[in-house]
Amino acid sequence: MKLPCELMEEILYRVPPLSLIRCKTVCKQWSTLLNHLVLLRPQLLIWTSSKIYSVGINLKDDPKIDIRELPVDIPYLKNNNNPIPLNFLPCDGLLFCVPRWGNIKRVAVWNPWLRQTRLIEHRQNCFQFGGIGYDNGRPEKGYKVFGYCFLDRKLNNGKVQVYRKLAIYTFETNEWKYIDAMNEDETSQIGIGISFDKNVSLNGNLYWIAYNVKTGDYLIRCFDFSKETIKLFCVLPWKDDSCDVPILSAYKRDRFSVLKQFNDTNKIEIWVTENKISGDGANVVWMKFMTVSIPFDKDFCPSYFIDNNTYGKSLVMCCMDEDQNACIYVVKGNASTKIPIGFDVYEACQCFYVPSFIPVP
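Residues numbered from 1 in each chain as written. Predicted model: local features only at pLDDT ≥ 70, side-chain atom pairs only at ≥ 80, totals over all residues. Heavy atoms only, no water.

This paragraph deals with the overall build of the chain. For the chain, the helix and strand inventory stands at three helices and 26 strands. When each of the 361 residues of the chain is scored for burial, the buried share is 53%. Partitioning the intrachain contacts of the chain with sequence separation of at least 6 by distance along the chain shows that 48% fall at a separation of at least 24. When the accessible surface of the chain is split by element, carbon and sulfur atoms take 48% of a total near 17300 Å². (Helix = DSSP H or I, 4+ residues; strand = E, 2+ residues; numbered from the N terminus. Buried < 20%, exposed > 50% of the residue type's maximum accessible area, 1.4 Å probe, protein only. Contact = heavy atoms within 4.5 Å. Areas by Shrake-Rupley, 256 points an atom, 1.4 Å probe, with all protein chains shown as cover.)

Right, dumping it as structure tokens:
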């Protein structure tokens, strides 16, 4: 008997991730269906005071969530058997995990679906991990980790010059490479620098929101793993007089989206790039994706996911409501659904990601 595709999706969605790998080998139809399934249902990763959860969101007519506790069997990611607060940065279904506090000298690359992990260490004090990416000029992805620290040196005239020393870790060689970044353009030293909280890994490069205090412009800056340099990608088409710090995210896996929160109102605008991201951002075109009104706690930095394929224009946003309760809003067209999560969410330790069967390198 041949089962309807929707019923097969529901059955396979409830299969443990490790068993799904074996399911992919059953037949070509199952392999295609599973690849489609992980793209169709974004996952929200949430850290609480004692556990880590993966929340699946079903965007059908009556939106629902499916909450699964993830096993964390990595001693380094625990404190007294409880997961420590982490920042998560998705890259091709892999998660780059950085502790929220302390003198951070070790990070982890984790595929929660495959339960695979790799620890990466750096011994220098006051070192900042930036994120993960790869050289997109190579036919095969060679994953790398980017980090930096600020140092100073005395010049011949007696003045002290502060500069950024870049560090690049290559998975293939298990070695760090160091570069003195003396030729960064002026905007890299103005306002917000590299903040790991909402970095985005896209097409191998690492992107983040920065701010120019002289002009009032919000910028998108980039670390290019192929050229091993920090550069300006583009200037966002608005200033800081009407909104909080924009939140950057990936859209369709090859474009950007930005969530723009307005001061003192519930108004939210979502902007997206019209075309695929490639090269520099000199010709990038932004267009408004949707405007919504969602009552939420502005002191909580939300995570979000947008879609414009399967179920039309959709927004899924994890935030705190006005009563400080964690929830997920699902907006489709003019319809908005609020779904309580049922437990506390640590602000910075939540992100949307698309699961994958890519092994940790």
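Having seen the model, we can carry on.
Moving on, we get to the sheet that holds strand E14 (residues 200-202). Read from one edge to the other, the open sheet built from four strands follows the order E14-E15-E16-E17, with strand pairing classed as antiparallel. Because the sheet does not close on itself, it has two edges, and the strands there are E14 and strand E17 (229-239). Between one strand axis and the next, the sheet turns by 35° as a mean value, whatever way the strands run. The pairing of E14 with strand E15 (residues 205-212) spans three bridges and is classified as antiparallel. What sits directly across from Ser201, in E15, is Leu206. (Pairing = 2+ DSSP bridges. Axes fitted to C-alpha atoms, helices over the stretch in contact; angles between N-to-C directions.)

Moving on, we come to the pairing of strand E9 (residues 116-121). Bridge analysis of strand E8 (residues 106-111) against E9 gives six bridges, and the strand direction is antiparallel. From the neighbouring strand, Val109 faces E9, where its bridge partner is Arg118.

Moving on, we get to the environment of Leu166. With respect to the helices and strands, Leu166 occurs in strand E12 (residues 160-170). For Leu166 and Ile230, which are 64 residues apart along the polypeptide, the C-alpha to C-alpha distance reads 9.3 Å.

Residues Ile270, Ile294 and Leu315 are the most contacted members of the largest nonpolar core, which totals 37 residues. Those elements that place two or more of their residues in this core are strand E1 (43-47), strand E2 (52-58), strand E18 (247-251), strand E20 (267-273), strand E21 (286-293), strand E22 (303-307), strand E23 (314-320) and strand E24 (326-332). Residues contacting Ile270, with those up to four places away along its chain left out, are Val258, Leu259, Met287, Lys288, Phe289, Met290, Tyr304, Ile306 and Leu315. One finds Phe96, Phe127, Tyr169 and Leu206 within the second-largest nonpolar core, a separate group that totals 30 residues. (Core = buried A, V, L, I, M, F, W, Y, C linked by side-chain atoms within 4.5 Å.)

Attention now goes to the side chain of Asp224. Mapped onto the elements of the fold, Asp224 is located in strand E16 (residues 217-224). Only 3.2 Å separates the side chain of Asp224 from the side chain of Lys231, close enough to count as a polar contact. (Polar contact = N/O pair within 3.5 Å; in protein donor to acceptor, adjacent residues only side chain to side chain.)

Applying the stated criterion to the full structure yields 17 aromatic pairs. Consider the rings of Phe127 and Trp176, whose centres lie 5.6 Å apart with planes at 80°: the pair is edge-to-face. Residue Phe127 is found in the loop between E9 and strand E10 (128-134), and its partner Trp176 is found in strand E13 (residues 175-181); the two are separated by 49 residues along the sequence. Note on Tyr207 and Phe233: the rings are 5.4 Å apart at their centroids and 80° apart in plane angle, and the pair reads as edge-to-face. (Phe/Tyr/Trp six-rings, centres within 6.5 Å; stacked < 30°, edge-to-face > 60°.)

Attention now moves to the sheet that holds strand E19 (residues 255-261). Through backbone hydrogen bonds, the strands of a sheet pair up, either in parallel or in antiparallel fashion. Taken in spatial order, the four strands line up as E18-E19-E20-E21 in an open sheet, and their pairing is antiparallel. The two strands at the open ends of the sheet, each matched to only one other strand, are E18 and E21. In this sheet, adjacent strand axes meet at a mean angle of 25° when their direction is disregarded. Where E18 and E19 come together, five bridges link them in antiparallel fashion.

In this section: the pattern of salt bridges. What the rule picks out here adds up to eleven salt bridges. With its nearest N and O atoms 3.1 Å apart, the salt bridge here joins Glu172 to Arg138. One end of the pair, Glu172, is in the loop between E12 and E13; the other, Arg138, is in the loop between E10 and strand E11 (143-154), and 34 residues separate them in sequence. What makes Arg138 partly exposed here is its relative accessible area of 33%. Through salt bridges with shared partners, one network takes in Lys144, Lys177 and Glu228. (Salt bridge = Lys/Arg side-chain N within 4 Å of Asp/Glu carboxyl O.)

Once that is clear, we can look at unusual backbone geometry. A positive phi angle is found at Arg253, which is not glycine, with a value near 70°. Its place among the elements puts Arg253 in the loop between E18 and E19. With a phi angle near 70°, Gln324 is a residue other than glycine that sits in the positive phi range. With relative accessibility at 51%, the residue Gln324 sits in the exposed group.

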